[in-house]
Amino acid sequence: TGVAAGFAALSALTLWVGPGNAQAQQRQLSFDALKAIFTRPVFVRHPADNPPSTAKIALGKRLFGDKELSSTGTISCASCHDPKLSFSDGEPRGQGITGKKLVRHTPSLWNVAFSPLLFWDGRAASLEEQVRFPVEHPDEMGDTLDNAVQRFSRHESYEREFMQAFPDDPRISARNIARALAAYERTLISPPTRFDLWVAGDADALSQSEINGLKVFAGKGR
C-alpha cells in the first residue's frame, strides 16, 4: 500500500533537474518522494525460523546448482537463473525439463530478499514457500522436494553439509532444502547503480534523458 501511494505521489511530481531556485525546489521534492520508494534497504530481514549462517548459505548455493533437484537430472535452479545473466536466462520465455517454452518469462532473482510477494502473480509469500513451485511444476522441474530428498540422501557430503547447516534438525528434508535455498537467495543483492546515487542526491548521476524516462515510468506509465 505504501509503495502504491508513493507511485501515486510521484505521478504528480515534475521529475526535472536543471538550474534555478524553483526548479531546484522541485528537484528536492522529487528526491524526497523517490527516497520513500527507491532507496536501497540497508539490511535483509530473515524469518525467525530460518536465520542465516555461513554453512546454510553454502549449502543453499550448492543446491541451487544441483540438477538432481529435477526429475530428469537435467535442470537446476541455476539453469534458468544464471548468475552471468542477472540470475535470469536471457530468453523471452523460460524452458524446463520438457524442452518446450514456458508460459512466462524467467524473472531475475536480484533483490528477491526485499520482495513481499513472489512470482509474477504473487502466489508465494516467502522464499521458503516459493521453492516448491518450480520443483513441482510438470513443465519446469517436474518432481517433488520429497523425491529430491531421496536423491540427495545418497551423498555423504550432503549429509555432512545438512548437519552443519541445521545442527538443531540435521536431516535432509524438504523443509531444510527450502530453507537452505532461501537463505542463499537472500544473499543475491544487486550492486549499487547510478540510479541509487541519483536517489541519494547526486543530480549528475543520471542523464536528462534517463530522468525523463523515470518520469514516464513512475508517472503515466504506471
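Described in the following lines is the structure provided in the data block. From a predicted model like this one, the values you see are computed outputs, not experimental measurements. (Residues numbered from 1 in each chain as written. Predicted model: local features only at pLDDT ≥ 70, side-chain atom pairs only at ≥ 80, totals over all residues. Heavy atoms only, no water.)

Our next topic: helix 8 (residues 156–165). Listed as buried for helix 8 are Tyr158, Phe162 and Ala165. Each buried residue of helix 8 sits inside an arc of 65° when the element is viewed along its axis, so together they form one side. Facing away from the buried surface of helix 8 by more than 90 degrees, the exposed residues are Glu156, Met163 and Gln164. Where the residues of helix 8 are buried, they touch helix 3 (54–64), helix 7 (145–152) and helix 9 (174–185). (Buried < 20%, exposed > 50% of the residue type's maximum accessible area, 1.4 Å probe, protein only. Helix = DSSP H or I, 4+ residues; strand = E, 2+ residues; numbered from the N terminus. Arc of directions from axis to C-beta. Contact = heavy atoms within 4.5 Å.)

Structurally, a disulfide amounts to a covalent bond that connects the sulfur atoms of two cysteines. Tallied over the full model, the rule gives zero disulfides. Here Cys77 stays unpaired: no disulfide links it, and the sulfur of Cys80, its closest cysteine neighbor, is 8.7 Å away. Here Cys80 falls in the buried class, since its relative accessible area comes to 16%. (Disulfide = S-S within 2.5 Å.)

So, on to the packing of helix 3 against helix 9. Here helix 3 crosses helix 9 at 100°, and the two axes come no closer than 7 Å. Comparing their axes, helix 9 and helix 3 come out roughly perpendicular. Two secondary-structure elements touch here, helix 3 through Lys56, Ile57, Leu59, Gly60, Lys61, Leu63 and Phe64 and helix 9 through Ile177, Arg179, Ala180, Leu181, Ala183, Tyr184 and Glu185. Split into classes, the residues belonging to the contact of helix 3 with helix 9 amount to nine nonpolar, one polar and four charged. (Axes fitted to C-alpha atoms, helices over the stretch in contact; angles between N-to-C directions. Parallel < 35°, antiparallel > 145°, perpendicular 65-115°, else oblique. Nonpolar A, V, L, I, M, F, W, Y, C, P; charged D, E, K, R; others polar.)

What follows is about the environment of Arg40. With respect to the secondary-structure elements, Arg40 resides in the loop between helix 2 (21–38) and helix 3. Taking relative accessible area as the criterion, Arg40 reaches 29% and is therefore assigned partly exposed. With 160 residues separating them along the chain, Arg40 and Ala200 place their C-alpha atoms 9.4 Å apart. Non-local contacts of Arg40, meaning those with residues more than four positions away in its chain, are made with Ile189, Ser190, Pro191, Pro192 and Asp196.

If you check the backbone angles, Ser86 has positive phi at about 60° while not being a glycine. If you trace the backbone, Ser86 turns up in the loop between helix 4 (77–80) and helix 5 (127–130). Its relative accessible area of 37% is what places Ser86 among the partly exposed residues. Look at Phe87: it is not a glycine, yet its phi comes out positive at around 60°. The topology assignment puts Phe87 in the loop between helix 4 and helix 5. Judged by relative accessible area, Phe87 falls into the buried class, the value being 6%.

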